[in-house]
Structure formats: C-alpha cells, structure tokens
Amino acid sequence: MQLILKVVVSFSALLAVTLLMPDARQLHANTSLDGNTTALQSIAQIKSGTISPKVNYLPESLSGVQAGVLLIGGVVVIGLLIMIRLIKSRWESSIQRYEEIARSLSEGNYLAVTRLPVEGRLAPISRVLRQLVSENFLYQQTINQQKRVYSALSETSKMVLRNPPPLVMFEHACEIAVNFGGFTAAWVGEVDIEAKLLHPVACAGIPKERLKVCKFDLDLTDPEGDSPLATAVYGKCASVIDRIDPDVGKTTWHRLAQSSGGQSVAVFPIVVNHDVIAAFTLYADGPEYFTQTIHDLLDEMVSNFAFAIENHERSQAHQLAHNSLEESSKQLTEANKQLSMLLESTGEGIFGVDENDNCTFINKAGAEMLGYTQQELINKPIHKQVRMFDESGLSFNSRVVEQGDPVRVRDESFQRQNETLFPVEYSTYPIMEHRQFKGSVTVFRDVTSSRSMMREMRFLATHDSLTHLLNRHAFDQRLRQAFSDSKEHNAQHVLLYMDLDQFKLVNDTCGHVAGDMMLRQLSHRLQRTIGENDVLARLGGDEFGLLMENSNLQQATQMANLISSTVKAFRFSWEGRSFTTGVSIGIVAIGPKTESPHNALSAADAACYVAKDMGRNRIHVYQPYDEEINRQQGEMHLVTKIESAIDQRRFSLLQQPIMSLNSSAIGDEHIELLVRMQDEEGTMIMPGTFIPAAERYNIMHSVDRWVIGEAFRWLSENRERLEELSLCAINLSGQSLGESTLHEYILEQLRHYGLPAEKISFEITETAVVSRLDQATRFISLLKRRGFRFALDDFGTGMSSFAYLKHLPVDYLKIDGSFVRNMMNDPVDRAMVESINHIGHLMGLKTIAEYVEDDQTLEQLIDIGVDYAQGYGVVQPMPLSDSGSDSDRQNISPGTIH
C-alpha cells in the first residue's frame, strides 16, 4: 500500500513541474529585464503583498493540449486515490471477515467454516479447518446425542424413584425419550406369550390411533412375526437396526418404522424375573445412531424399568400384606390367646379343644363346614356333637391326647349336623404346658372337590376325552393283563381291531366338529352292543379295539357280526345331510402260544387291513400262515424300508420319452420321470411294489416331495437338456393332493432353482382326483396360474370320468393302458380309446396313450389321431444321465418301434 502511495505522489509532482515550467521561465525573464530585482526579491515582494500573485495557476501561454493533459492527470490522480481507498476498504473488509469467522469458530459456531474460500492462497488452510471442524462437529454431535440420552436416563431415574405403576411409567418413559433423549418416536408394547402378540400400551412421537390399529405378531412361523420385536423378545437382548429399509414395509413393524421419521431403530426387552414382559422401541433420526455408549445408557434405562416394576410389585405385595396384617390385627385383638396365630378369613376349618375335650374356639369356616354356628360349638364337647373318626373307629386325636404327637391324616371323614359325611384332610397339633397336655388345635379342609378332580384326572388319564372309552394306553395295560392271564392260567381271550369305513368323508365334507359328533354317537352305540365284561377302547382316529376276555373265536365272530350290523344300521345326520358308514374288523385269538401283546395287536391290525382290502365292512380272522396277513405285514415291513431309503437317499429317477405322433411337431420332446428304490443290499425295487405300501401307510407324500426336489435339481443342473425339452412330467399321488402345503413347497423349489414353470407337468391319476375333487381342483388351479401344466393319468377307469372332466383345468389326458394294450384284439377297448381321444380333443386337450408295446398298436393310435404315445414299444425308461443322442431321437418316430 505504501509503495502505491509513493508512486502516485511522484507522478503528481512530476506532472506539476512539467506543466508549470513556463511560469518559471517567465519569472526568470522578468528579473533579467529589470536588472535591479533578483528572484529572491520578487518572491519577497510576493510574500509582502507588494506584488500580487495571479489567481490562475495555469500560465497564460499554456496551450489547450497542456490544459487537457493537466485535467486528465488530475482525474487519474483522483481515480487512483479512490481505487487505493477501495482496495484498502476491501482489504480491511477481508480482514474483518476472517476475524468474524475466527471468532465464530472460537464460540463453537462450526457452520462459519463454510464461509472460508475454497480457492486461492487460503484454500489449504480452509480445507484443514473444514476437516477439523467436521470431525469436531461429528464428535460434538455424538457428545450431544450422548448428553441427551444421559439426560433421558437421569429423568427416567428420577421418575422411577417415584415408583409409578408400570403403565404410567411406560407413558412417562416414552415422553422422556422423545423430549429429553432426542429420539423421533418411542413406544412400549406388552408381551402376550400365549397369543404370540405384542400389545402397544404407551407411545410418544407416534399418534396413539395409528399404534392402536397395529398388530405386532411374534409368531416366527408367520412372515408378519419376523421382526426385531420377536428377536428382542425371544432372544432377551436388544435388537438394533442401523438403517431402516427405505422400501415399502412388508410387515406391520416395518411400515410403522418407515412412518416414524427415523432412520435407525432399537428394541430393548424389559425382563422381569427372567421373563420378557414388554419391549421398548426407539426411533432415531440418523443412521447408525445407536453407538455402544448410547446402547449402554439405554440398557441401563431399561434395567431401571425392570427394577421399577419389580419394586412396584414388591410395594404392592407389601401393601397387601400390610393391609392383611392390619385386618388380622383387628381380628386378633378380639380373639383369645389360642387363636392369635389364626386368621378368621381362612377357608380352612380351625378349632381348638382343652384337656376336657371342650371346644375353646372354632372359626366361621370350620363351623359352616360342620353345619353349625360358632356359638353352638364353643365351650361344648365337640366330639359328642360332631363325629370324627377313621376307618378303625378311633378318635382322630387319640394319638395327640395319649402321646402328645402331631397327627396329619389324609383319608378320613367328618359328620355334619345333618349326619352326612364329607371327606377331609386335617392336621392336629397338641398344646403342651410344662409337658402336660392342655388341649389341641385342629386344621381341616373339605377335599370333596379336590378328590372329585383327582378322580376326573385319573379318568382322563385312562379314557379318551372325546368318546369316554378307554384310551390306547389303558387298553394296552388290559391287553398285557390278558396276555399274562393266558400264560399263567391257560385262559383264552380274543382281540378285535375295528376301523370305520369312509369316516374321512364326513370330516372332509362337514368338518371335524361333525366327525367328532359322529364318533361320540357311534361309540355310545358300540358300548351298548358289547358285553358287560368286554373292554372297548378308542385306539386313535376312527380305530377301536375290543378285548373279549374268556371268550373263543366263535363268540368273537358273532360279536363282530353284531357290531358290523350295528354300525351299518347307524345313520348320522348333520345340517340336513345323512351319512352311513361301515366297519372292517380283524380278529385274533390270545392264548398261551401268543408271543406278546404287541404281536397280537399287530396281527389284529393286519387282519383289519385285509378286511378292508376284501371290500370294506368285512370281517377277517387271523390264522397262522395267512397269506393276506403276511402280505400286510410285508407291506408294514416295507414301509420301514421306504422311510430308510428316503433318509439315506436310495431313491433314483429314470426318464421315459413320450413320443409325438404328429409328424409336424418337430422338437416337441416330452419325457416322464419314473422313480425307483434300492434296498440295503442294492436290489432295485419297482414302484408297483413299494408305492401301494407307501400309500396305504400314508408316507407317499414324502416320496413325492423327494421326487419333486430331485427333478427340479436335475433340470437346474442340466440347462442344455432343459432347453431341448418341451415338457417334463412328474407323477403325484392322491395323498399329496390332500396335503395343504404341497403347492407352497413346489413354488419354493421353483424359485430356488429358477426353472420355467411351463416346462413342468404334473400327472395325477383319475381315481385320486375323483376321491379328492375339491382339493384337486384347487391344487391344479393354484399351480396353473403360475404356468405349470397338468395331465390326468389312467383316464377312463372311473365311472364318472366325462362328468367331472369339463370342470378340471388339465392340459393332457393319458388314456388308461388297460384299453390301449388290448385295443388290437378288443373292439370295445378301441372304441374307448377313440371316445376318450375324441372328447379330449373337443375340450382342447392333448391325448397320450400309455402301454404302447408294438408297432400295430402304434399305427392304430396314429389312425385314431392320438397326439402322443408312451410305452416299452416306443422307448424304454433310461437313466437321467442318458439324455439321448440325436440318432436315438431320430429313431423315435411314428411307425418305428425300438
């Protein structure tokens, strides 16, 4: 700045000298002419006023150009002076601004750093200051957050010291968390473990109306229950979400979290006496808000809640005890010394006698149980008025009087004033003074209701709660007793195993309430039908057992026929509908040669299944070396093998191509997957052997699930083969149609392996569909909407096939092989094939002929117009690893059999 001023001054002086130079010359000329006056004199004259100086500082001889230059120079000087002033002001303003920024930073206003320049010579300093301020701001923000939470903890501690009721405490806690803790919202929900729900009871920062309509599920099997609430409740530890998912919430909890205005959330369980009674939920306005320090502070806050609840409960208990003590004290002041330990309000009877057997006191409850008033017994010999005795007739307190020992008795009776007896349990305590008997105190209670409850519990332990018949456990005990009796005394008994026929129809059409009512009514009829000494039991579901002791097979067969007639004549009505049923009965003799009760029951069960196979509502008597029984028992043994094969993955899949009979359908390659099982020795077991056993004993659904999972896995791992296929068919059993969760399993596997649903078809037999028409229709419709296709297998075997076909959304009809196999020799079979094919085409369905075994049958199918053919005469089943070469697939053509 000083340098600029010097330059300006020098320039101004130089300009002035240049412009005034003529005047100097004029002055010099004037002094030379006079000769008598020197320049100094002239100057002196001017100073003394003798010579007046000219007002015009410009010399008269100054030209216009010089005047203009002089004017411009003056303007430039003035401009430079103004510029210097402005530069100085701006410099001073910058200095003031930096001073203000520094002062703001020193006062804690960290936002002032944003006014520092980001470019120029101060930019590096600005960046350092910005980083330091940012770190300090975050640190200060964290400290402030912790201060707010600590403030909330302090307020909570003050509130807890006032010992408010839990609900009031929860309300205050939520308000403190929002107002002092800086949280956007907070709420508390009470835990209902039995209902697996969380009920909101207090909140702040959230409208109560919105919270009241929310249902917070804690059931982990329900998608709604999968939330931090369940994690905190069942894990008994805090659950923290650092960033709330911005997507639309799929559960009530997520939707509430998104609408709370927070970005992070924490749920703290409130544990009292090792049980989670409530959950405290807090929402914060920033991500990753719940640091370890804040977590610890909140954990301490929740511990304060638990302490306050426990303290409140203790206070309430203490207050109740105090109130009770005050009440007791009032009563004890009116009683004598002997009754000072007793409460008049007790429900048990209490009385005392002296050494002369006179009643010194009796409480109101005791007098009422004995049928007297207190005044009628006081000071009177109580044993003369009230008979109290045991089975031996001795006085209940004889030991007390004679020996001075306390007595506790469980099975005696007291007699009321009206001479009725009631069972009691009592305790008698002697009153001794100086080792002398001075009386006794007796405490007794009426155990009529408890003994009735015990009898009921013993009954329920041995009887079926629905039918009141003996249950399986009690029947097994009676069976073991009969077995022992036959061994020890050479006695003969008979066991009947009964299974109702078509009972499931009532359950499926009318519901389980109707089924239970039918079982109760039928059980009462069976109870009236059997003999007095016969033992009838419900073994489970619709199965019953009858033990005829000291009877022979002839008597048992007569009883079985009587039972069969009774059940057949039974009519069950429900909501205007009438149902009939039958019973299949298996009979086995129990004698000295019977191996065990278990073998007898197993043989009777197998005989019952034989009766069912014979046409239902039949009777079958077990005989040694019975082929049907051996078959049944063989199937039961095979069931164990099937379950073992599933666990040990000894099932395998084969593929059998389904040939298109339409020569124009190029690339239309279909296959059907077939299942095989290996036993422990590696022997292959065909489906015709193990599937009937699996269906009979209700494990076929496990086999179906294995096939579906394995088929989907194979298709996923062989994408090239999947691209080649138009359709892959998988068989489903009728049992699987009745499984409500099978379609969910199929969709889950589809998502897991990422397969196209339109390339997968499920084959269901006609008989399975007919027996479960409603379930089959629903199952097919659910999966059809996802793109799966369906084929109706073995079509034509049912009596009402065409009647229900138009209501089933299937894509393919598989003509039953029994018609296809003999169509060359039987015109009726050919007519059936033509009819099924014609009806199928009218309904827009494709037809598939099964069991095609020769060229002649194949040519007949082509003439009829069947769409596809399958069988050993077309292509035999092959391993999945054999995907078929191009030459193999070319050989699979109409008119060529391999």
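In this text, all values refer to a predicted model and were calculated from it rather than measured experimentally.

Enquirer: Got a minute to help me understand the layout of surface pockets in this structure?
Expert: Where empty space is left can be seen by rolling a probe of water-molecule size over the atoms. Taken as a whole, the largest pocket spans an internal volume of roughly 1,600 Å³. Ranked by residue count, the leading element in the lining of the largest pocket is helix α16 (residues 503–510), at 6 residues. Its residues assigned to classes, the lining of the largest pocket comprises 10 nonpolar, 12 polar and 14 charged. In this structure, the second largest pocket spans a volume of roughly 900 Å³. If you go around the second largest pocket, you meet 33 residues; those closest to its centre are Glu672, Leu674, Asn731, Asp793 and Tyr851. Every element with two or more residues in the lining of the second largest pocket is listed here: β21 (670–678), α21 (687–696), α22 (700–717), β23 (727–732) and β25 (789–795). Class assignment of the residues belonging to the lining of the second largest pocket gives a composition of 15 nonpolar, 8 polar and 10 charged.

Enquirer: When you look at the packing of α16 against helix α17 (residues 512–529) in this model, what are you seeing that I'm missing?
Expert: The axes of two packed helices give the description: the angle between them and the distance between them. Axis separation between α16 and α17 bottoms out at 6 Å; the angle between their running directions is 145 degrees. Residues Phe503, Val506, Asn507 and Cys510 of α16 pack against His512, Ala514, Gly515, Met518 and Leu519 of α17. Looking at the contact of α16 with α17 residue by residue, the classes come out as 6 nonpolar, 3 polar and no charged.

Enquirer: I tried to follow the packing of aromatic side chains on my own but got confused; where do I start?
Expert: Given two aromatic rings, one states the distance between the centres and the angle between the planes to describe the pair. Inspection of every chain in the model, using the stated rule, returns 16 aromatic pairs. Taken together, a centroid distance of 5.7 Å and an interplanar angle of 75 degrees make the contact between tyrosine 289 and phenylalanine 290 edge-to-face. Here the aromatic rings of phenylalanine 651 and phenylalanine 690 are separated by 5.6 Å at their centres, their planes lie at 70 degrees, and the arrangement is edge-to-face. Here the residue phenylalanine 651 occupies a position in strand β20 (residues 651–660), and phenylalanine 690 occupies one in helix α21, the gap between them amounting to 39 residues. Considered together, phenylalanine 651 and phenylalanine 690 belong to a single accessibility category, that of buried residues. Taken together through their ring pairs, the aromatic side chains of Phe351, Phe414, Phe422, Tyr426 and Phe444 make up a single cluster. Lying across the ring of tyrosine 745, arginine 705 places its NZ or CZ 4.7 Å from the centre. Positioned above the aromatic ring of tyrosine 851, the side-chain terminus of arginine 821 is 4.7 Å from the ring centre.

The rules we used
- Residues numbered from 1 in each chain as written.
- Predicted model: local features only at pLDDT ≥ 70, side-chain atom pairs only at ≥ 80, totals over all residues.
- Heavy atoms only, no water.
- 1 Å grid on protein atoms, 1.4 Å probe; cavity = no way out; pocket = protein on both sides within 12 Å on 5 of 7 lines; lining within 4 Å.
- Points joined across faces, edges and corners; volume = space filled by probe spheres on them.
- Helix = DSSP H or I, 4+ residues; strand = E, 2+ residues; numbered from the N terminus.
- Nonpolar A, V, L, I, M, F, W, Y, C, P; charged D, E, K, R; others polar.
- Axes fitted to C-alpha atoms, helices over the stretch in contact; angles between N-to-C directions.
- Contact = heavy atoms within 4.5 Å.
- Phe/Tyr/Trp six-rings, centres within 6.5 Å; stacked < 30°, edge-to-face > 60°.
- Buried < 20%, exposed > 50% of the residue type's maximum accessible area, 1.4 Å probe, protein only.
- Lys NZ or Arg CZ within 6 Å of the ring centre and 35° of its normal.

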